[in-house]
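These are the residues of each chain, in order.
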Amino acid sequence: MLEVFWASLMCLLALQVFFLLVGLSIGGSLTATHVVHGVLTFYIFHWHKGSPISFDQGEYDALTWWEQIDAGHQFTSNKKFLTAVPVALFVITTRWSHEVPSILLLNTVIVAVLVIAKTPALHEVRIFGINKGIN
């Protein structure tokens, strides 16, 4: 897990530097990084279902990756860390964007969607049947 953490951190920093080189302000580049991080992690953890390992014989095909982490147990250290990352990005982005209302709204929506999707109340829940699949 530590290797994945460092690789993710390096990717976020590289993305941040890219947005700064493009000419965005610090607040704008942090917001862009937060948006990209939010969209990617939502897709990877809360939308994509199944397992990348073919040996599980379809046992996890109906579960998202978030539901598979730590065998579905809630409030483990891994899940706490993965919940804290978007919150930390939100706090940092809000601080550096000087609380511009439009940027604050965008960042608030992203962090709210990510944190609400991680709550135990939504474990194996498909809202309005979205992403239910065939199972």
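Heads up: these notes are all about the structure in this document.

Conventions we followed
In this numbering scheme, every chain counts its residues from 1 along its sequence in written order. Local features are withheld for residues below a pLDDT of 70 in this predicted model, meaning they are given only at 70 or higher, and side-chain atom pairs are given and counted only at 80 or more; totals for whole chains, interfaces and linings count all residues. Processing note: side-chain calculations cover all non-hydrogen atoms of the structure and skip hydrogens and water entirely. Numbering of helices and strands runs from the N terminus; a helix is a DSSP stretch of H or I covering at least four residues, while a strand is a stretch of E covering at least two. A 1.4 Å probe rolled over the protein chains alone gives each residue an accessible area, and that area as a share of the maximum for its type sets the label: buried under 20%, exposed over 50%, partly exposed in between. Residues form patches when they are more than 30% accessible in relative terms and have no salt bridge. Like charges link within 9 Å. Nonpolar side chains (Val, Leu, Ile, Met, Phe, Trp, Tyr) link within 5 Å. Only the protein chains shown count as cover for residues, and the accessible areas themselves come from Shrake-Rupley with a 1.4 Å probe. Think of a salt bridge as a Lys or Arg side-chain nitrogen and an Asp or Glu carboxyl oxygen that are within 4 Å of each other. Only heavy atoms matter for contacts: two residues are in contact if any of them lie within 4.5 Å across the pair. Whether two aromatic rings pair depends on their centres lying within 6.5 Å, for rings of Phe, Tyr and Trp, where Trp uses its six-membered ring; planes under 30 degrees apart make the pair stacked, over 60 edge-to-face, and the rest tilted. Definition used: whenever NZ (Lys) or CZ (Arg) falls within 6 Å of the ring centre and also within 35 degrees of the ring normal, the charge is taken to sit over that ring. Helix axes are fitted only over the stretch in contact, all axes being lines through C-alpha atoms; the angle between N-to-C directions runs from 0 to 180 degrees. Roughly parallel means an angle under 35 degrees; roughly antiparallel means over 145; roughly perpendicular covers 65 to 115; every other angle is labelled oblique. Throughout, the ten residues Ala, Val, Leu, Ile, Met, Phe, Trp, Tyr, Cys and Pro are labelled nonpolar, Asp, Glu, Lys and Arg are labelled charged, and all others, Gly among them, are labelled polar.

1. Description of the overall build of the chain
Now for step 1: Secondary structure assignment for the chain yields 5 helices and 0 strands.
Now for step 2: For the chain, the N- to C-terminal ordering of α and β elements is α-α-α-α-α.
Now for step 3: Seen through its principal axes, the chain has C-alpha atoms that stretch 50 × 35 × 25 Å.
Now for step 4: Sorting the 135 residues of the chain into buried and exposed places 30% on the buried side.

2. Things to note about a nonpolar patch on the surface
Now for step 1: A contiguous nonpolar patch, built from Leu40, Tyr43, Ile44, Trp47, Val125, Ile127, Phe128 and Ile130 and spanning about 820 Å² of accessible area, is present on the exposed surface.
Now for step 2: Summarising the element assignment, Ile44 is placed in helix α2 (residues 26–47).

3. Side note on the environment of Asn131
Now for step 1: Its location among the elements puts Asn131 in the segment after α5 (101–117).
Now for step 2: With 85 residues separating them along the chain, Asn131 and His46 place their C-alpha atoms 9.5 Å apart.
Now for step 3: With sequence-adjacent residues up to four places away left out, Asn131 is seen in contact with His46, Trp47, Lys49, Thr64 and Arg126.

4. Describing the packing of aromatic side chains
Now for step 1: Tallying each qualifying case throughout the model produces 2 aromatic pairs.
Now for step 2: Ring geometry for Phe18 against Phe19: centres 5.6 Å apart, planes inclined by 55°, an arrangement best described as tilted.
Now for step 3: The residue whose ring lies beneath Arg95 is Trp96, and the NZ or CZ to ring-centre distance is 5.7 Å.
Now for step 4: Here the guanidinium or amino end of Lys118 rests over the ring plane of Trp66, the centre of that ring lying 5.0 Å away.

5. As for the packing of helix α4 (residues 77–96) against α5
Now for step 1: Between α4 and α5, whose axes approach to 10 Å, the crossing angle comes to 170°. Considered as vectors, α4 and α5 are oriented roughly antiparallel to each other. Touching Pro86, Val87, Phe90, Thr93 and Thr94 of α4 are Leu104, Asn107, Thr108, Val111, Leu114 and Val115, all from α5.
Now for step 2: The class makeup of the residues in the contact of α4 with α5 is 7 nonpolar, 4 polar and no charged.

6. Thoughts on the pattern of salt bridges
Think of it this way: side chains of opposite charge can pair up when their charged atoms draw near.
Now for step 1: With the rule as written, the count across this model stands at 1 salt bridge.
Now for step 2: With its nearest N and O atoms 3.0 Å apart, the salt bridge here joins Glu67 to Arg126. Of this pair, Glu67 sits in helix α3 (residues 65–68) while Arg126 sits in the segment after α5, and the two are 59 residues apart along the sequence.

Geometry only, nothing functional implied.
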